[in-house]
Amino acid sequence: MTLKINEPKAKESTMAKAVQWIGAPLDRADGELKTTGKARYAADFPLERMVYGVPIVSPAASGSLIKLEVEAAEKLPGVLFILTHENAKKIFPIQNDFGTATKLAEGRFPLQDKKIYYAGQYVGLAAAETLEIAQEAARLIKVICKEERSALDSEEELPYSYFPDNNWGTPLPVIRGNFEKAFSNTEVQLKAVYTTPVEHHNPMEPHACTAVWDGDNLILYESTQWVVGARNVVADALGLPREKVRIISHFVGGGFGCKGFVWPHTLLAAMTAMHLKRPVKVVLSRSQMAAGVGHRPATHQELSIGSSKQGKLTAIKHHTITQTSFLDDFLEAAGGPTQSIYSCPNLLVSYQVVRLNHGTPTFMRAPGECTGLFALESLLDELSYTLNLDPIELRLNNLSDKSPEEELPWSNSHIKECYELGSKIFGWKERNPKPKTMKRKGFLVGLGMATAMFPGVRSPGAAKVKILSDGTAEVLSATQDLGTGTYTTMKQIAAEVLRISPHRIVSKLGDSSYPPAPVSGGSMTSASVGPAVKSAAEKAIEALIHISIKDSSSCLYHLPLEKIHAADGKLVYQDDPSKTEIFEEILKRNNLSHIEGESFVKPDNSAEGYTVQSHGAQFAEVEVHPLLGQIRVTRMVGVFDVGRILNQKTARSQAIGGMIMGIGMALHEKTVYDPRTGRVVTDNLCDYLIPVMADSPAVEADFIDKPDPRFNSLGVRGLGEIGITGVAAATANAVYHATGIRIRDLPITPDKLLKWL
Amino acid sequence: MPINAERSRKKLTSLKVNGRVYEKALSPISTLLEILREDLGLTGTKHGCELGECGACAVLLNDVPVLSCLTLAVECEGKEITTIEGLADGNRLHPLQTAFAELGAAQCGYCTSGILCVAKSLLDKAAQEKKSNPGRELSRAEIKEALSGNICRCTGYLKIIEAIELTAERLNLFHRCEPVREDR
């Protein structure tokens, strides 16, 4: 039996003014903790006898380690231990697979051999009584390597590249129709190459791990986007039963992908703590974060588009050359959007991957989508000028009711409304389509647009909901809040089912001992954990009803359970609303401290036969100095169709934050490697440019807010990533509209414009 | 500078943090950031880059923002140190803390402590100036200038600016030209 409490509108007839908590712009549950400094992150647990660990890194980009000269460091007062490959514990091989939640970020364990794959790879760790002493010890240690020829240049390595044959199980290359034939016969042909640089996530909180052994139990305060994954990896690798390892990540200071899987420093911390029998804290420096916790790899994208004169796409080819390390087969799947937004009968999407002596790349906010959309949406803009068509009209021409990839109907798509509402808010109509025609205060003004997209992703997730005898409730799940708002949205979902105010509900997340949840990545947390919270809350109410109808002292005794529902903190009998009982009374009378419902929700087959995808329309206005080429984004609008919105306030925050990160991608961010040593030159926040307050323009984010009930019981699709996806292209298109100059290489910096101005 | 036994020997130091005096044996080569976090347990001040680039570790030294990662703790003897833990007046939150929580200006929250300290100093200064110049009002440009040393990777800054403006408005230091966009 299931209770149907999930349709607030239907319920309103039987209930006095049921408040709809889902969607309400509730303040963040953790707002006060974060504004008072009480929110504790991974490095914020001061413990007695804390030891500070600083990794020792390889100066060479390839070859092998000869030895570490540790004598000087060991003599330093306060130094406790130098962990090296010679004294490191043996690590057990693990499955290293996403599906079983054992994925390693870098597919190799630290200090198990002498091989060196990239500059900055950990070759040891200095542990000392204070951070300063540990840093000094790490500095004093001489790392002697036998350096080999390193692969550091993508072009040079191209002959040794490989052609991946699948992307998450989808066979590659993706072929539809016959590109070559269609392209040669088409009326309009366009070809261009787009390039994007290596980028780093650079969350404000560095990667950190505090490892504490309690007998043979291990607690890790770890900054992670996946407590369950971290628990499994650490336990399996150290040969511990999983129940003896607990990962706590109550607060994460941003992740954006780089904290998705376990990186080697976590194991170094655990190994050192085991050796010293003291708590060990390891916080990575910005330089270490540049080398060894992932990045978005560079892409070189060759794109060809064929179209009819009326602007109907006939053929597309998208070949991406990208990079990975010698340790892992990472793929930045930039062709994803090309195969999944516009209908085009002839298509070829392929990849070529070059191995470099760099650290392993990893997922960075909208991996593939935002690099690929930069190319695709730029070339469509070029096509719109060739055809003398409005860029939005060109896109509308090529939409379909069915997904181009699977030829299935969309589970729910409002892409046209995104263009419509977006252009209305932005004032697209006032744009003079001719480039270089709009000016303001001595600056060239340009308006550009692009489509945004992100696939609908969900995974199995579990949650527990407890109703306590004081009338409050708790939501427990081993998911995590990276600053996205999960603490808040999960209790809103519970509130709507339990019919109590969310202010009486506490979310408890970020602890691997709670019911398991997937990685907070792929924008899937809301769609994966949300339905589990809903179902768990329904089960808790159901359990409460069962108690009340068996309780002879209850006014609900022996009433039919299907006619009892929750309203305003009470159970109410539908046919006679005077028969009610508040939650706490039922629990107290039955001597229960609480009652709970737990649910593990797997994606069901309701979305079978449909393609689930989020879309959006993004608009940017830029001002370009006509002589200096200085570029400023002055205005941005994004309208997104991401299913149902759980909280208008946190959703808007996510979308705006993504859009500003998109400005970084468009205008600032670029990781530079030293071509001789393979070390990251921009290994700090001065040289790696992140948008600052002065870069942040007026931004509007809006949502279509229509549920996608086929996708899950909440109709939510998730929105962590879509905000960034179209920004680089919209900005590049605006720069072209302002200047008549097409920059196909990110970031768009003044020097690239100066040549042409 | 290399560390040796002499340089790292702890010295009895007196630090006044959030009105409370701490007498502790402190390493003279430790930064104020490390002492606050590791020795005094005040972990609200965040370790963001240790290079003076991100502003996450900003605290107030005699009401002036400083980067605690670039300040030696021993330099702070005899001065008033204010950290995020000292912003509230007992249980009463500082209006900035309320506004930041209300508008969602703290997302991951890691940059928040530093930003709040810098913003407090800006508002205090403006309030002080208003005493001699009743027409004194803050502008958005001034806010952006004051916060130029604080990086945030989540919010896109808009909500931070809005929260500071809202606080300034509540303290009668800011006159709003455009209404804050209501969440629909």
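Thresholds, definitions, all that
Residues numbered from 1 in each chain as written. Chains lettered and ligands numbered in written order. Predicted model: local features only at pLDDT ≥ 70, side-chain atom pairs only at ≥ 80, totals over all residues. Buried ≥ 20, exposed ≤ 12 C-beta atoms within 10 Å, placed from the backbone. Helix = DSSP H or I, 4+ residues; strand = E, 2+ residues; numbered from the N terminus. Pairing = 2+ DSSP bridges. Right-handed = clockwise from strand over helix to strand, strands pointing away. Domains from an automatic or database assignment. Contact = placed C-beta atoms within 7 Å. Nonpolar A, V, L, I, M, F, W, Y, C, P; charged D, E, K, R; others polar. pLDDT = per-residue confidence, 0-100. Axes fitted to C-alpha atoms, helices over the stretch in contact; angles between N-to-C directions.

Trainee: Let's hear about the pairing of strand S13 (residues 245-248) of chain A: which residues, and what values?
Mentor: Residue and element names in this part refer to chain A. Side chains of S13 alternate between two faces, with Val 245 and Ile 247 and Arg 246 and Ile 248 buried alike. Pairing analysis gives four bridges linking strand S12 (residues 217-222) to S13, with the strands arranged parallel. Looking across to S13, one finds that Leu 218 is bridged to Val 245. Handedness of the crossover joining S12 and S13 through helix H7 (residues 227-238) is recorded here as right-handed.

Trainee: Tell me what's going on with the domain arrangement of chain A, and back it up with residues and numbers.
Mentor: All names here are of chain A. Structurally, chain A comprises domain 1 (51-149 + 201-292), domain 2 (299-457 + 608-754) and domain 3 (459-602). One C-alpha centre belongs to domain 2, the other to domain 3, and the line joining them spans 39 Å. Domain 2 puts 19 residues into the contact, and the matching count from domain 3 is 16 residues. Classifying every residue of the side of domain 2 that touches domain 3 by side-chain character gives nine nonpolar, eight polar and two charged.

Trainee: I'd love a proper account of the confidence of the model for chain A, names of residues and values included.
Mentor: Where the model shows low pLDDT, its predicted coordinates should not be examined in detail. Chain-level pLDDT for chain A is 96 on average; 98% of the residues reach the 70-or-more range. In the model, residues 1-16 of chain A has pLDDT below 50 throughout and makes 20 contacts with residues more than four positions away in sequence or in other chains.

Trainee: I'd like a rundown of the interface of chain A and chain B, residues and numbers included.
Mentor: Contacts between the two partners involve 55 residues from chain A, matched on the other side by 52 residues from chain B. When contributions to the side of chain A that touches chain B are tallied by element, the ones reaching two or more residues are helix H2 (31-35), helix H4 (131-140) and helix H17 (648-668) of chain A. Considered class by class, the residues forming the side of chain A that touches chain B number 25 nonpolar, 17 polar and 13 charged.

Trainee: Kindly report on the sheet that holds strand S27 (residues 613-624) of chain A, identifying the contributing residues and their values.
Mentor: Across a sheet, paired strands are connected by hydrogen bonds in the backbone, their directions being either parallel or antiparallel. Residue and element names in this part refer to chain A. Spatially, the five strands line up as an open sheet ordered S18-S19-S27-S28-S29, and their pairing is mixed. Pairing within the sheet leaves two strands with one partner each, and these edge strands are strand S18 (438-440) and strand S29 (698-703). Averaged over all pairs of adjacent strands, the angle between their axes in this sheet comes to 25°, without regard to strand direction. In terms of strand pairing, S18 meets strand S19 (residues 443-455) through three bridges, oriented antiparallel. Considered in S19, the bridge of Lys 439 is made with Leu 444. Each of S27, strand S28 (631-641) and S29 touches helix H13 (residues 415-426); the most contacted strand, S28, lies at about 140° to it.

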